[in-house]
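# Report on the structure
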Amino acid sequence: MLCAASCPTKAESQFRADSAWKDVRRLGGDVWSIWTSPGHATARDMRGLAVAAVLTGAAATADEPLRRWAADHPEAWPIRLLHPLREAGHYPVYELGSGQYLLPLSGVLYLAGAAGRSRTLRDAGLGCATAHLTSAGAREIVYRLIARDRPRLSPDDPFRFQFPGSRDWNAHSFFSGHIANSMGCASFFAHRFHLRVAEPVAYTLVTAIGIGRVLDGRHWLSDTVVGGLFGYATGRAINARMMRRERSASSAPAPLAVSFSLPFD
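Residues numbered from 1 in each chain as written. Predicted model: local features only at pLDDT ≥ 70, side-chain atom pairs only at ≥ 80, totals over all residues. Heavy atoms only, no water.

## Observations regarding the state of the cysteines
- All chains considered together, the criterion is met by 1 disulfide.
- Each sulfur of the disulfide joining Cys 128 and Cys 185 lies 1.9 Å from the other. Its S-S torsion of approximately 85° makes the covalent link between Cys 128 and Cys 185 right-handed. Here Cys 128 is found in helix α7 (residues 119–145), whereas its partner Cys 185 is found in helix α8 (residues 177–192), with 57 residues between them in sequence. As far as the burial class goes, Cys 128 and Cys 185 line up, both buried. (Disulfide = S-S within 2.5 Å. Helix = DSSP H or I, 4+ residues; strand = E, 2+ residues; numbered from the N terminus. Buried < 20%, exposed > 50% of the residue type's maximum accessible area, 1.4 Å probe, protein only.)

Shown next, in the form of structure tokens:
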């Protein structure tokens, strides 16, 4: 009698399983769409990539000067301010940019949404997980193509590149995974939800984590700029696909191709 009143029916359980499977398929489709987006890039996308290249080039000129300044001024106030977000911090806040933290947090959000029948929480968990998996897969491809020594390995030469890439973790400076992962989640949340004052807070935290990785000698500044731009564009693209699915649900089916672009124009 108690179960009859409180337990889900077979139809409800089937609906939940079907919904979860659809979400998994959509996750895979979103990741694949972004990975293959260069194949259907538009003129607007190319303009965004050109601006990103200019920003990366500008950051590259500061790679070695910034590392040298940080080494010569360990007690400077910006460095002390970022101490809690670095590897030597009391709490591993910097790991909010790693899959070891982001994926479990995404899973908690998704499961909470499924249990509470909240599409918002499910989307939050799904979008963040998709952003991380997109970034992780893209970086694995880049690592096989390009090897760049981390600053701790070659502190005086930021332009030590090798082709093809390497499986050596110390050669995986390009591009920064922590900021790409966390920026992907922050960008998705900012585009998907009305965060208000939380939006600049999220972007500031993510940027600080990225700079902290530079100060810890894990990445050059240009690696962090590329990772940040990649993460921002990834979160924006994932939201665009979700929004397009919602619009198509109440109208005729539409193709889900989405431009992987940065809104510089």
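## A closer look at helix α9 (residues 198–215)
- The first and last C-alpha atoms of α9 sit 25 Å apart over 18 residues, in line with the 26 Å expected at 1.5 Å per residue.
- Turning to α9, its buried residues number three or more, namely Tyr 203, Val 206, Ala 208, Ile 209, Gly 210, Gly 212, Arg 213, Val 214 and Leu 215.
- Residues of α9 that are buried sit in contact with α4 (63–72), α5 (77–81), α8 and α10 (221–249).
- Among the residues trailing α9, Gly 217 stands out with phi positive, at a value near 75°. (Expected span 1.5 Å × (residues − 1). Contact = heavy atoms within 4.5 Å.)

## What about the pattern of salt bridges?
- This model, assessed by the stated rule, comprises 19 salt bridges.
- With its nearest N and O atoms 3.4 Å apart, the salt bridge here joins Arg 67 to Asp 156. Here Arg 67, found in helix α4, pairs with Asp 156, found in the loop between β1 (147–148) and β2 (161–162); they are 89 residues apart in sequence, far enough to count as distant.
- The exposure class assigned to Asp 156 is exposed, which follows from its relative accessible area of 55%.
- One salt bridge connects Asp 123 with Arg 192, and the closest N-O pair in it is separated by 2.7 Å. Here Asp 123, found in helix α7, pairs with Arg 192, found in helix α8; they are 69 residues apart in sequence, far enough to count as distant.
- When salt bridges with common partners are traced through the structure, they connect Asp 23, Arg 26, Arg 119, Arg 122, Asp 123, Arg 192 and Glu 246 into a single cluster. (Salt bridge = Lys/Arg side-chain N within 4 Å of Asp/Glu carboxyl O.)

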